[in-house]
Amino acid sequence: PAFFRPLLDSVVVPEFQPKSGVKIDTGEKKEGEAADEEPMAEASVIDQVKDKIQRLPKPSDLQGVEVCAMEFEKDDDTNFHM
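Reading the values: the criteria
Residues numbered from 1 in each chain as written. Predicted model: local features only at pLDDT ≥ 70, side-chain atom pairs only at ≥ 80, totals over all residues. Heavy atoms only, no water. Helix = DSSP H or I, 4+ residues; strand = E, 2+ residues; numbered from the N terminus. Buried < 20%, exposed > 50% of the residue type's maximum accessible area, 1.4 Å probe, protein only. Areas by Shrake-Rupley, 256 points an atom, 1.4 Å probe, with all protein chains shown as cover. Patch = residues over 30% accessible without salt bridge, like charges linked within 9 Å, V, L, I, M, F, W, Y side chains within 5 Å. Salt bridge = Lys/Arg side-chain N within 4 Å of Asp/Glu carboxyl O. Phe/Tyr/Trp six-rings, centres within 6.5 Å; stacked < 30°, edge-to-face > 60°. Lys, Arg positive; Asp, Glu negative; His and termini not counted. Charge placed at Lys NZ, Arg CZ, Asp CG, Glu CD.

Peer 1: Is there a simple way to explain the overall build of the chain in this structure?
Peer 2: Looking only at helices and strands, one finds two helices and zero strands in the chain. Evaluated residue by residue, the chain yields a buried proportion of 0% over its 82 residues. Surface summary for the chain: the accessible area is close to 9,100 Å², and the carbon and sulfur share equals 58%.

Peer 1: Honestly, a nonpolar patch on the surface in this entry has me stumped. Any pointers?
Peer 2: Together, F3, F4, L7, L8, V11 and V13 give the surface a local cluster of nonpolar side chains, amounting to about 680 Å² of exposed area. In this structure, V13 sits in the loop between α1 (5-9) and α2 (37-54).

Peer 1: Can you help me understand the pattern of salt bridges in this one?
Peer 2: Where charged atoms of side chains with opposite charge meet at close range, the side chains can pair. The full count for this structure, using the stated rule, is one salt bridge. With its nearest N and O atoms 3.4 Å apart, the salt bridge here joins D51 to R55. Classification of D51 as partly exposed rests on a relative accessible area of 40%.

Peer 1: Hey, could you run me through the packing of aromatic side chains in this one?
Peer 2: Two aromatic rings, taken as a pair, are described by how far apart their centres are and by the angle between their planes. Counted by the stated rule, this structure contains one aromatic pair. Between F3 and F4 the ring centres are 5.2 Å apart and the planes differ by 80 degrees, which places this aromatic pair in the edge-to-face class. Judged by relative accessible area, which is 41%, F4 ranks as partly exposed.

Peer 1: What is the right way to look at a negative patch on the surface in this model?
Peer 2: A surface patch of negative charge is lined by E73, D75, D76 and D77. Along the chain, D77 falls in the segment after α2. Residue classification places D77 among the exposed positions, given a relative accessible area of 69%.

Without other data, these values stay purely geometric and don't point to any function.
What follows is the structure, given as structure tokens:
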């Protein structure tokens, strides 16, 4: 609104000056870097997940097991929930 115009006109925003020596990782690979590093790591994680899934019990092994939901107050610091 017009009420803020005079105040905003008086605000001085300094020009951005990046700090020297600071490296910002953009996630983009530079020339000469191994391009297949991430897929190898991802494949390793997928293999770990598949291994854990294989070790899960079969549904037939869980016949008769009852699971009950637990209620708790998430904002209560005494139940150690973050």
